[in-house]
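Each chain, letter by letter, is given below.
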Amino acid sequence: MMKQASHSKYDITWDNEQKAIVMEVRGFFKPEDGESFIKDYNSMIAKVNPSEYTLVVDPEDLKTSSQDMIPVLKGCFELYKSSGFKEVLMVTPTSAISTMQLKNIQKETGVKMEFVKSNPYK
């Protein structure tokens, strides 16, 4: 795996051999963290053909988001949807509330993703 972006709240790596992009997110996101994440995400996506890749979102240690961050989260899900990945996997967070929040956003945005127990690329 090759690290493409690193921040106190996330790491984005990719594996060309396994055709996977792994995004590990953690902590409590603020709007500026979301903006930085979206910028790094867009920069990374421009380097690959998403239809050949699996996107793995690993929010295992992500804290429940405040209400003002919900639109940012929805925007991220919309990005995943519009990028056209072969497959999107979401690792189920350790927090039941975070899991419920992410599943609700997934339903609202219509992103086709599978919730999995662990990151298959770790």
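Novice: Explain the nonpolar core residue by residue, including any values.
Specialist: Side chains that are nonpolar tend, in soluble globular proteins, to be buried together. Ranked by internal contacts, the top residues of the largest apolar core, which has 32 residues, are Ile21, Met23, Phe37 and Tyr80. It is helix H2 (residues 70–83) that contributes the most residues to this core, six residues altogether. When near neighbours in sequence (up to four residues on either side) are disregarded, Ile21 contacts Ile12, Thr13, Trp14, Met44, Ile45, Val48, Tyr53, Thr54, Leu55, Val56 and Phe85. Grouped together as the second largest cluster of nonpolar side chains are five residues, Val22, Val56, Val91 and Val116 included.

Novice: Describe the packing of helix H1 (residues 31–45) against H2, and please don't skip the residues or the numbers.
Specialist: Closest axis-to-axis distance for the H1/H2 pair is 11 Å, and the angle between their directions is 5°. When the axis of H1 is compared with that of H2, the two are roughly parallel. Listed contacts from H2 to Gly34, Phe37, Ile38, Tyr41, Asn42 and Ile45 of H1 are Val72, Cys76, Leu79, Tyr80 and Ser83. Of the residues assigned to the contact of H1 with H2, the class counts are eight nonpolar, three polar and no charged.

Novice: Tell me about H1, and name the residues and values.
Specialist: For H1, spanning 15 residues, the distance from its first C-alpha to its last is 21 Å, which sits close to the expected 21 Å at 1.5 Å a residue. Within H1, the full set of buried residues consists of Asp33, Gly34, Phe37, Tyr41, Met44 and Ile45. The buried residues of H1 occupy one face: seen down the axis, they fall within an arc of 95°. Exposed residues on H1 whose side chains face more than 90 degrees from its buried face are Glu35 and Lys39.

Novice: Before we move on, could you go through the pattern of salt bridges and cite the residues and values that matter?
Specialist: Close approach of charged atoms allows side chains with opposite charge to pair. Throughout the structure, instances matching the rule amount to six salt bridges. Between Lys9 and Asp33 there is a salt bridge; the shortest N-O distance is 3.9 Å. Separated by 24 residues along the polypeptide, Lys9 in the loop between strand E1 (2–7) and strand E2 (10–15) and Asp33 in helix H1 bring together distant segments of the chain. A relative accessible area of 9% means that Asp33 is categorised as buried. For Lys19, the salt bridge is made with Glu52, and the minimal N-O distance between the two is 3.5 Å. Here Lys19, found in the loop between E2 and strand E3 (20–27), pairs with Glu52, found in the loop between H1 and strand E4 (54–62); they are 33 residues apart in sequence, far enough to count as distant.

Novice: Tell me about the packing of aromatic side chains, and please be specific about residues and values.
Specialist: Evaluation of the coordinates by the stated rule reveals six aromatic pairs. Aromatic side chains Tyr10 and Phe37 sit 5.2 Å apart centroid to centroid with 85° between the ring planes, which places their arrangement in the edge-to-face category. In this pair, Tyr10 sits in strand E2 while Phe37 sits in helix H1, placing the two residues 27 residues apart along the sequence. With respect to class, Tyr10 is no different from Phe37; both count as buried. Within the aromatic cluster, the residues linked to one another by ring pairs are Tyr10, Phe29, Phe37, Tyr41, Phe77 and Tyr80. The ring of Phe115 carries the charged tip of Lys103 above its face, separated from the ring centre by 5.1 Å.

Criteria and cut-off values
- Residues numbered from 1 in each chain as written.
- Predicted model: local features only at pLDDT ≥ 70, side-chain atom pairs only at ≥ 80, totals over all residues.
- Heavy atoms only, no water.
- Core = buried A, V, L, I, M, F, W, Y, C linked by side-chain atoms within 4.5 Å.
- Buried < 20%, exposed > 50% of the residue type's maximum accessible area, 1.4 Å probe, protein only.
- Helix = DSSP H or I, 4+ residues; strand = E, 2+ residues; numbered from the N terminus.
- Contact = heavy atoms within 4.5 Å.
- Axes fitted to C-alpha atoms, helices over the stretch in contact; angles between N-to-C directions.
- Parallel < 35°, antiparallel > 145°, perpendicular 65-115°, else oblique.
- Nonpolar A, V, L, I, M, F, W, Y, C, P; charged D, E, K, R; others polar.
- Expected span 1.5 Å × (residues − 1).
- Arc of directions from axis to C-beta.
- Salt bridge = Lys/Arg side-chain N within 4 Å of Asp/Glu carboxyl O.
- Phe/Tyr/Trp six-rings, centres within 6.5 Å; stacked < 30°, edge-to-face > 60°.
- Lys NZ or Arg CZ within 6 Å of the ring centre and 35° of its normal.

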